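Notes for the structure review
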Amino acid sequence: MAHTYVFQKDAASKDVLPSRNPLPLSATQEAQVRDIYYARVRGLCAAEIKAFAECAKNRTISANWKCKAQRGQMNTCMVSHATQEELDRAREDWFRLRLEKQRLRREARERGEIPTVRL
C-alpha cells in the first residue's frame with residue numbers, strides 16, 4: 001500500500017514534518033473515520049462496557065451510584081484508548097478500505113460485472 005504524506009510546517013522549529021494522514025477529508029468521510037474509531041475503542045473496552053451494562057440493567061437513576069465502580073472502569077478504559085494514535089489508525093483503516101473498494105470495483109468492471117458509465 002502506497003502512503004501519501006502531507007508536509008506540515010512546525011511553528012516552533014520551522015521544520016517540515018511528514019503527517020501520517022493524507023489530505024483533509026470531507027465531513028461525511030470524517031464521520032466514517034469517527035465511526036471506525038468509536039467502534040474500535042468500544043471493542044477494546046467491550047468487557048468493561050458489558051460489566052457496566054449488566055449492572056445498569058433494570059435501573060434508572062439508581063445506576064448512577066449502584067454502578068459507580070463499573071462506570072469508572074468503563075470510562076477509564078475508554079479514555080485510555082481514545083487517543084490521537086487510535087484516531088490515526090482509524091483514518092489509515094478508512095483509506096485502506098477505500099483503496100480496497102476501488103480495487104474491487106476496478107476488477108469487477110474489468111470482468112464486465114459493473115458498467116463503466118459514471119453518473
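Our structure is the block above this text.
Rules behind the numbers
- Residues numbered from 1 in each chain as written.
- Predicted model: local features only at pLDDT ≥ 70, side-chain atom pairs only at ≥ 80, totals over all residues.
- Heavy atoms only, no water.
- Salt bridge = Lys/Arg side-chain N within 4 Å of Asp/Glu carboxyl O.
- Helix = DSSP H or I, 4+ residues; strand = E, 2+ residues; numbered from the N terminus.
- Buried < 20%, exposed > 50% of the residue type's maximum accessible area, 1.4 Å probe, protein only.
- 1 Å grid on protein atoms, 1.4 Å probe; cavity = no way out; pocket = protein on both sides within 12 Å on 5 of 7 lines; lining within 4 Å.
- Points joined across faces, edges and corners; volume = space filled by probe spheres on them.
- Nonpolar A, V, L, I, M, F, W, Y, C, P; charged D, E, K, R; others polar.
- Axes fitted to C-alpha atoms, helices over the stretch in contact; angles between N-to-C directions.
- Parallel < 35°, antiparallel > 145°, perpendicular 65-115°, else oblique.
- Left-handed = near helix turned anticlockwise from the far one by under 90°.
- Contact = heavy atoms within 4.5 Å.
- Phe/Tyr/Trp six-rings, centres within 6.5 Å; stacked < 30°, edge-to-face > 60°.

The tally for this structure, following the rule as stated, stands at eight salt bridges. Residue Arg 103 is joined to Glu 100 by a salt bridge in which the shortest nitrogen-to-oxygen separation is 2.4 Å. Taken together, the positions of Arg 103 and Glu 100, both in helix α5 (residues 84-110) and three residues apart, correspond to about one turn of that helix. In this structure Arg 103 comes out as partly exposed when scored by relative accessible area, which is 30%. What you see here is one network of salt bridges that share partners, running through Arg 40, Glu 86, Arg 89, Asp 93 and Arg 96.

On to the layout of surface pockets. The space that makes up the second largest pocket amounts to roughly 180 Å³. Along its surface, the second largest pocket is lined by Gln 32, Ile 36, Trp 94, Leu 97, Arg 98, Lys 101, Gln 102 and Arg 105. At six residues, α5 tops the list of elements feeding residues into the lining of the second largest pocket. For the lining of the second largest pocket, the per-class residue count stands at three nonpolar, two polar and three charged.

The next subject is the packing of helix α1 (residues 27-44) against α5. Close contact between α1 and α5 brings their axes to 9 Å; oriented N to C, the two are set at 120 degrees. The angle between α1 and α5 falls in the class oblique. Crossing hand, α1 versus α5: right-handed. Along the contact surface, α1 presents Gln 29, Glu 30, Gln 32, Val 33, Ile 36, Tyr 37, Arg 40, Val 41 and Leu 44, while α5 presents Glu 86, Leu 87, Arg 89, Ala 90, Arg 91, Asp 93, Trp 94, Leu 97 and Arg 98. Looking at the contact of α1 with α5, its residues break down into nine nonpolar, two polar and seven charged.

Attention shifts here to the packing of aromatic side chains. Enumeration over the complete set of coordinates arrives at two aromatic pairs. Relative to Tyr 38, the ring of Tyr 37 has its centre 5.4 Å away and its plane inclined at 45 degrees; by these criteria the two rings are tilted. With relative accessibility at 10%, the residue Tyr 37 sits in the buried group. Among the residues examined, Tyr 38 registers a relative accessible area of 42% and is labelled partly exposed. A ring pair is formed by Trp 94 and Phe 95, whose centres lie 5.0 Å apart and whose planes are at 90 degrees; its orientation type is edge-to-face. According to the relative accessible area criterion, Trp 94 is buried, its value standing at 9%. Judged by relative accessible area, which is 17%, Phe 95 ranks as buried.

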